[in-house]
Amino acid sequence: MCRKVIMMLFNKVTANSSFKQIATTVKRTLGSTALASPPPSSSSSSSSSSTSNHHQRRHSSELASVKVTQTKQPRLEALRAQLASDSSDIYDFATSDSNSTSTSSAATSQEESSQNLNVVRRKAPPRPAKILPKPSWLKAQPATSENYLTLRSTVRELGLATVCEEAKCPNIGECWGGGGGEGEEHSAATATIMIMGDTCTRGCSFCAVKTSRKPGALDPNEPEKVAEAIRKWGLDYVVLTSVDRDDLEDQGSGHFRKVVMKLKEKHLEVGKRILVEALTPDFRGDLKFVENVATSGLDVYAHNVETVERLQRRVRDHRAGYAQSLSVLEHVKTINPNVLTKTSIMLGLGETDDDIRQTLRDLRNIDVDVVTFGQYLQPSKRHLPVKEYVTPEKFQEWQVEAEGMGFVYVASGPLVRSSYKAGEFFLKNLIKQREKKKQEEGQGKMVVGDVATVASVSC
């Protein structure tokens, strides 16, 4: 039994390679006979004493001849010594051939590489360490005026959200404050109301709006709140926009429709007329949801392509797309030819002139009326970096070129945004002119009809 226990202990010890040699030597020296010998009984102690003394003398002489060696250095120190003796270095890894293993070739490679080291990078270049400094022409009016504070107070009281604040628009001081220039377009404050909450279900690389897979529920009283806010401001032109709500069955199109209709209804009750521009999501390309908003009574249907086709996947959420946005704008014209369609393009993301020209051609092919150009500004270090700050002169060139392609209106400048108020002023007048023309044409048809009726009766 003792032999079995001791053999088990030896087997466990020999499993460790560092004790294998010592254990084997001791095992061979002691022998199986000594391990198996039972302790002597009292009755036979006198008869076996001579034999026991003989074995002890033999074992002592054998043990004296055993030389047990012990490692002087720990294993870690041995590995360090081995690495230090290795002649390979970083120059061999970077420049030498994979088949070259000799010490002499490694030394030669090190000497040549120290004089002319040409290492090929095998990873993507890092992003810029700092944000590009803004040029002098990117200066906006400070948000400190009395009109600005009044409008902000109204937004807070009614629990509304504005894209001006959520998207960190640089024009908030000018648009909310009013003024900023001469003429009617600068006489009143304007704001873009963002409905359906302040949290989007998408995560575009350029946008500062908060994101979540499951935002909060829609406010059923929001249409009434928005209509009340616009009434207090005394505006006759308002821009509505919204976050994407992919979590809702109809993508939020029904709620958008209710807000537009409530605005129109409230103003008609007091004998006023309001023009509504809706900057909508793409509703995942579902055209029946697009139709919900396009037939709600709005005057301008806006949806932004944001950037050129080549940069779509880098700039926008994967659920958006260039062709999908074009299909939205095209369908609006199909179901409501009298509505103005509008889109916006950001510059400074790495697009080329040919990219922009092709985008303008694509927009004109589907009869888009209005296009705006603005400089992309990086909201934070977590968002896409600015590739280029486009000069005001270049923006002016794009305005001239776009107008020459047949767009009804073009707004182009570093601080221009999709709902910039100067554009609202122009569109307001344009819509009124169109309506006046339609009324004149309608009266002309009525006169012709009456003459025809009289002629038929007289005959």
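Throughout what follows, the structure given in this document is the object of discussion.

It is worth spelling out helix H11 (residues 253–269) at this point. An α-helical turn contains 3.6 residues, so a residue and the one three or four places further along point in the same direction. Taking 1.5 Å of rise per residue, 17 residues should cover 24 Å, and H11 covers 25 Å from first to last C-alpha, within 8% of that figure. When H11 is considered as a whole, its buried residues turn out to be Ser-253, His-255, Phe-256, Val-259, Val-260, Leu-263, Lys-264 and His-267. Against strand E2 (192–195), helix H10 (222–233), strand E5 (237–242), strand E6 (275–279) and helix H12 (287–294) lie the buried residues of H11. Of the residues trailing H11, Gly-271 is marked for its positive phi of about 75 degrees.

Before going further, it helps to spend a moment on the packing of aromatic side chains. Aromatic ring pairs are described here by two measures, namely the spacing of the ring centres and the angle between the planes. Scanning the entire structure with this criterion turns up 1 aromatic pair. A cation over an aromatic ring shows up here: Lys-288 above the ring of Phe-289, its NZ or CZ 4.7 Å from the ring centre. When the ring centre of Phe-407 is taken as origin, the NZ or CZ atom of Arg-364, which lies over that ring, is 5.3 Å away.

Bringing the packing of H10 against H11 into the picture now. Between H10 and H11, the least distance of the axes is 8 Å, while the angle of their chain directions is 40 degrees. Relative to H11, H10 is oriented oblique. You can see that H10 and H11 cross each other, and the crossing is right-handed. Residue-level contacts link Glu-222, Pro-223, Glu-224, Val-226, Ala-227 and Ile-230 of H10 to His-255, Lys-258, Val-259, Lys-262, Leu-263, Lys-266 and His-267 of H11. Classifying every residue of the contact of H10 with H11 gives 6 nonpolar, 2 polar and 5 charged.

Okay, the environment of Pro-223 next. Within the secondary structure layout, Pro-223 lies in helix H10. A relative accessible area of 8% places Pro-223 in the buried class. For Pro-223 and Val-259, which are 36 residues apart along the polypeptide, the C-alpha to C-alpha distance reads 4.3 Å. Ignoring any residue separated from it by four or fewer positions in sequence, one finds Pro-223 in contact with His-255, Lys-258, Val-259 and Lys-262.

Across the 6 residues of E5, 6 count as buried, placing the element largely inside the fold. Residues of E5 alternate between two faces, with Tyr-237, Val-239 and Thr-241 on one and Val-238, Leu-240 and Ser-242 on the opposite face, all of them buried. Examined bridge by bridge, E2 and E5 share 4 bridges and lie parallel to one another. Along E5, the bridge assignment pairs Met-194 with Thr-241. Taken together, the 5 bridges between E5 and E6 define a ladder with parallel strand orientation. Considered in E6, the bridge of Thr-241 is made with Leu-279. In this view, the connection linking E5 to its parallel neighbour E6 by way of H11 has right-handed handedness.

On to the packing of H12 against helix H14 (residues 322–335), then. When two helices pack together, you describe them by how their axes are tilted relative to each other and by the distance separating the axes. It is at 10 Å that the axes of H12 and H14 come closest, and there the two elements cross at 55 degrees. In terms of orientation, H12 and H14 fall into the oblique class. In this structure, the crossing between H12 and H14 has a hand that is right-handed. Between H12, through Leu-287, Val-290, Glu-291 and Ala-294, and H14, the contact on the second element is made entirely by Ser-327, Val-328, His-331, Val-332 and Ile-335. Class assignment for the residues of the contact of H12 with H14 results in 6 nonpolar, 2 polar and 1 charged.

Within the element layout of this structure, Ser-412 appears in strand E10 (residues 409–412). For Ser-412, a relative accessible area of 14% gives the class buried. Separated by 2.7 Å, the side chain of Ser-412 and the backbone oxygen of Phe-395 make a polar contact. Beyond its immediate sequence surroundings of up to four residues, Ser-412 is in contact with Phe-373, Phe-395, Trp-398 and Gln-399.

Procedures and definitions
- Residues numbered from 1 in each chain as written.
- Predicted model: local features only at pLDDT ≥ 70, side-chain atom pairs only at ≥ 80, totals over all residues.
- Heavy atoms only, no water.
- Helix = DSSP H or I, 4+ residues; strand = E, 2+ residues; numbered from the N terminus.
- Expected span 1.5 Å × (residues − 1).
- Buried < 20%, exposed > 50% of the residue type's maximum accessible area, 1.4 Å probe, protein only.
- Contact = heavy atoms within 4.5 Å.
- Phe/Tyr/Trp six-rings, centres within 6.5 Å; stacked < 30°, edge-to-face > 60°.
- Lys NZ or Arg CZ within 6 Å of the ring centre and 35° of its normal.
- Axes fitted to C-alpha atoms, helices over the stretch in contact; angles between N-to-C directions.
- Parallel < 35°, antiparallel > 145°, perpendicular 65-115°, else oblique.
- Left-handed = near helix turned anticlockwise from the far one by under 90°.
- Nonpolar A, V, L, I, M, F, W, Y, C, P; charged D, E, K, R; others polar.
- Pairing = 2+ DSSP bridges.
- Right-handed = clockwise from strand over helix to strand, strands pointing away.
- Polar contact = N/O pair within 3.5 Å; in protein donor to acceptor, adjacent residues only side chain to side chain.

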